[in-house]
Amino acid sequence: MEGGEAGGGGLLQQILSLRLVPRVGNGTTTYSSALATFPEMWYGVFLWALVSSLSFHVPAALLALFTLRHHKYGRFMSVSLLLMGIVGPITAGILTSAAIAGVYRAAGKKMIPFEALILGVGQTFCVVVVSFLRILATL
């Protein structure tokens with residue numbers, strides 16, 4: 001990841017360049033660059049939602065691939081899990097991140113980078129909770 005990757009750098013490099021995690025210096029936390037515009041806020045929340053979703057779905061897909069590797073059709077469940085981890089945040093994550101950024105922009109607030117982290121990971125947490133509680137199956 002340190003070398004020049006094609007396409008302008010990797011996803012991790014893009015996230016780190018936005019300084020979405022606050023830096024700690026001399027015992028105090030400084031927020032050198034607040035996210036002030038709509039695209040900055042939207043992109044920050046969306047990237048954290050995508051990365052946190054992938055951090056849940058990639059291990060689940062690898063576990064499914066490992067446990068179902070001898071099954072005739074079961075091994076394809078890992079592909080569906082991986083697609084859910086990518087397609088979900090890209091479709092619903094774009095909309096919810098835009099809604100969050102729109103509320104912040106309409107209120108005239110600036111978003112500190114740590115808020116983007118909390119809101120992005122919070123979106124994934126809500127999806128995981130709904131998935132495990134099977135709320136949608138009762139409707």
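Preceding this paragraph is the structure being described.
Cut-offs used in this document
Residues numbered from 1 in each chain as written. Predicted model: local features only at pLDDT ≥ 70, side-chain atom pairs only at ≥ 80, totals over all residues. Heavy atoms only, no water. Helix = DSSP H or I, 4+ residues; strand = E, 2+ residues; numbered from the N terminus. Buried < 20%, exposed > 50% of the residue type's maximum accessible area, 1.4 Å probe, protein only. Areas by Shrake-Rupley, 256 points an atom, 1.4 Å probe, with all protein chains shown as cover. Axes fitted to C-alpha atoms, helices over the stretch in contact; angles between N-to-C directions. Left-handed = near helix turned anticlockwise from the far one by under 90°. Contact = heavy atoms within 4.5 Å. Nonpolar A, V, L, I, M, F, W, Y, C, P; charged D, E, K, R; others polar. Salt bridge = Lys/Arg side-chain N within 4 Å of Asp/Glu carboxyl O. Expected span 1.5 Å × (residues − 1). Arc of directions from axis to C-beta. Core = buried A, V, L, I, M, F, W, Y, C linked by side-chain atoms within 4.5 Å.

Caption draft 1: Expanded view of the overall build of the protein chain. Within the protein chain one finds four helices and two strands. The proportion of buried residues among the 139 residues of the protein chain is 24%. Surface summary for the protein chain: the accessible area is close to 9,300 Å², and the carbon and sulfur share equals 72%.

Caption draft 2: Representation of the packing of helix α3 (residues 77-107) against helix α4 (residues 113-133) in the model. At a minimum axis distance of 11 Å, the contact between α3 and α4 shows a crossing angle of 145°. Here α3 and α4 pass one another in a crossing that is right-handed. Counted together, Gly93, Thr96, Ser97, Ile100 and Tyr104 of α3 and Glu115, Leu119 and Gln123 of α4 form the full contact between these two elements. For the contact of α3 with α4, the class distribution of residues is three nonpolar, four polar and one charged.

Caption draft 3: A look at the pattern of salt bridges. Per the counting criterion, the structure on display carries one salt bridge. Between lysine 109 and glutamate 115 there is a salt bridge; the shortest N-O distance is 4.0 Å. Overall, glutamate 115 belongs to the partly exposed group, its relative accessible area being 21%.

Caption draft 4: The arrangement of α4 in detail. A rise of 1.5 Å per residue sets the reference length of α4, with its 21 residues, at 30 Å; its end C-alpha atoms lie 30 Å apart and thus fit the reference within 8%. For α4, the full list of buried residues reads Pro113, Ala116, Leu117, Gly120, Gln123, Thr124 and Val128. On an axial view of α4, the arc spanned by its buried residues comes to 130°, and they lie on one face. Looking at α4, the residues exposed on the side facing more than 90 degrees away from the buried face are Phe125 and Leu133. Buried positions along α4 lie against α2 (38-67) and α3. Positioned one or two residues after α4, arginine 134 has a phi angle of 55°, which is positive.

Caption draft 5: Focus on the side chain of histidine 57. Examined against the element boundaries, histidine 57 turns out to sit in helix α2. On the basis of relative accessibility, which here comes to 15%, the residue histidine 57 falls in the buried class.

Caption draft 6: Representation of the nonpolar core within the structure. Core analysis: the largest hydrophobic core is formed by nine residues, namely Leu35, Met41, Val45, Trp48, Ala101, Tyr104, Met111, Ala116 and Leu117. Contributing elements (two or more residues each) for this core: α2, α3 and α4. Among the elements that make up this core, the one with the highest residue count is α2 (three residues). Excluding residues that lie within four positions of it along the chain, valine 45 makes contacts with Ser97, Ile100, Met111, Ala116, Leu119, Gly120 and Gln123.

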